[in-house]
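# Coordinate analysis (summary)
Here is what each chain is made of, one letter per residue.
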Amino acid sequence: MIRENLAAIHQRIEAACARKGRAPSEVTLLAVSKLQPSSMIREAYEAGQRDFGENYAQELRDKAEELAALYVRWHAIGPLQTNKAKYVAKVATSFHALDRAEIAEALGKKRSTPLDCYLEINVAGEESKSGVAPEAAPALLDAVSKIENIRVVGLMCMPPMEEPEHARPHFRALRELARKLGLPGLSMGTTDDFEIAIEEGATLVRVGRSIFGARPARH
Ligand SMILES: *Cc1c(COP(=O)(O)O)cnc(C)c1O
């Protein structure tokens, strides 16, 4: 089933790219495996998937250890506390939720090679969400760019969950902000709206449920 789901998503990615004259190779599919068992990651891996996203630092640590024999690229995509930065620093190739210089300091200290990071932008100014306000992005970029082993490659957002089309202006705003800041990467779009995100320039889409099915509850 996971193999078929991945194939279907790749087709949809290709179709969205075709609508905008983009090459599908410009878009990385990140399989968001949070709360799903390692067996499902193996199954996706056997179908050719290499990039996996996890939200919780200890879960990432445990899965990376269990699957150490595989050539998985791990992406940490959830908010992070400084005391857990070591787990991410150790195994991740990228971190998508950078919104404080403090976290970048904690991550950089534990790395010997650069960690690719996306600044998380709170595009709709939602109080419940992490991320910095768009206006605060230039200052954050300045601050974290000075930190050793932190390499900012792009911006990330998680717009409000409404109708998929409602996300479009937020994706567009994120692209415009990235352009102004001179950042090439755009981590945006989930199961609900990844095609719209691609139409608006996403270079990486984070898709969970339509690959792995509904998520078990978090304990
Ligand atoms: C869970 C999660 C996703 C994936 O969402 P789906 O609805 O399962 O596709 C993407 N991005 C972030 C930051 C997430 O926490």
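The notes below deal with the structure included here. Predicted model, so just to flag it, every value in this text is computed and none were measured. Per chain, the residues get numbers from 1 upward, laid out in the order the sequence is written. For this predicted model, a pLDDT threshold of at least 70 governs which residues receive local features, and a threshold of 80 or more governs which side-chain atom pairs are given and counted, while totals over whole chains, interfaces and linings are taken from all residues. Based on all heavy atoms of the structure, the side-chain values leave hydrogens and waters out of the count.

### Looking at the site of the ligand
When we say a residue is near a molecule or strand, we mean one of its heavy atoms is within 4 Å of it. Around the ligand, 13 residues are found, and the nearest of them are Lys34, Asn55, Thr191, Arg209 and Arg215. Between Arg209 and the ligand, the recorded distance is 2.6 Å, taken from a side-chain N or O atom to an oxygen atom. Considered on its own, the ligand offers 390 Å² of accessible surface; in the complex 93% of this is hidden by protein. Throughout, the ten residues Ala, Val, Leu, Ile, Met, Phe, Trp, Tyr, Cys and Pro are labelled nonpolar, Asp, Glu, Lys and Arg are labelled charged, and all others, Gly among them, are labelled polar. Class assignment for the residues of the shell around the ligand results in five nonpolar, four polar and four charged. Counted as a polar contact is a pair of N or O atoms within 3.5 Å, where, for protein atoms, one must be capable of donating a hydrogen and the other of accepting one, and residues adjacent in sequence contribute only when both atoms are in side chains. Per-residue and other accessible areas were derived by the Shrake-Rupley procedure at a 1.4 Å probe size, with only the shown protein chains allowed to occlude residues.

### Some thoughts on helix α6 (residues 137–145)
Exposure is judged per residue with a 1.4 Å probe applied to protein chains only, and the accessible area is read against the type maximum: over 50% gives exposed, under 20% gives buried, and values in between give partly exposed. Segments assigned H or I by DSSP are reported as helices when at least four residues long, segments assigned E as strands when at least two residues long, and all are numbered from the N terminus. Of the positions making up α6, those classed as buried are Ala137, Leu140, Leu141 and Val144. Along the axis of α6, the buried residues cluster in a sector spanning 100 degrees; they form a single face. Away from its buried face by more than 90 degrees, α6 exposes Ala139 and Asp142. For α6, the secondary structure elements touched by its buried residues are β4 (92–98), α5 (101–109), β5 (115–120), β6 (150–156) and α7 (168–181). Regarding the arc, it is the one traced by the directions from the helix axis to the C-beta atoms. By the convention used here, residues are in contact when the closest approach between their heavy atoms is within 4.5 Å.

### Remarks on the packing of aromatic side chains
Pairing of aromatic rings covers Phe, Tyr and the six-membered ring of Trp, with a centre-to-centre limit of 6.5 Å; geometry is then stacked below 30 degrees between planes, edge-to-face above 60, and tilted otherwise. Scanning the entire structure with this criterion turns up one aromatic pair. Here the aromatic rings of Phe52 and Trp74 are separated by 6.2 Å at their centres, their planes lie at 45 degrees, and the arrangement is tilted. You can see Phe52 sitting in strand β2 (residues 51–54) and its partner Trp74 sitting in strand β3 (residues 73–76), a full 22 residues away along the chain. Note on accessibility: Phe52 and Trp74 belong to one class, buried. Placement of a charge over a ring requires the Lys NZ or Arg CZ to be within 6 Å of the ring centre, with the centre-to-atom vector within 35 degrees of the ring normal. We note Lys86 situated over the ring of Tyr87; from NZ or CZ to the ring centre the distance is 5.0 Å.

### Examining the nonpolar core
Take the buried residues of types Ala, Val, Leu, Ile, Met, Phe, Trp, Tyr and Cys, join any two whose side-chain atoms come within 4.5 Å, and each joined set is a nonpolar core. Counting residues in hydrophobic clusters, the biggest one holds 65 residues, and the most contacted among them are Phe95 and Leu107. A total of six residues in this core trace back to one element, the largest contributor, which is helix α1 (residues 2–20). With residues up to four places along the chain from it excluded, the contact list for Phe95 reads Ala76, Gly78, Leu80, Val88, Ile103, Leu107, Leu115, Asp116, Cys117 and Tyr118. In terms of nonpolar packing, the next biggest core, distinct from the first, is built from seven residues, Leu30, Ile77, Val153 and Met156 among them.

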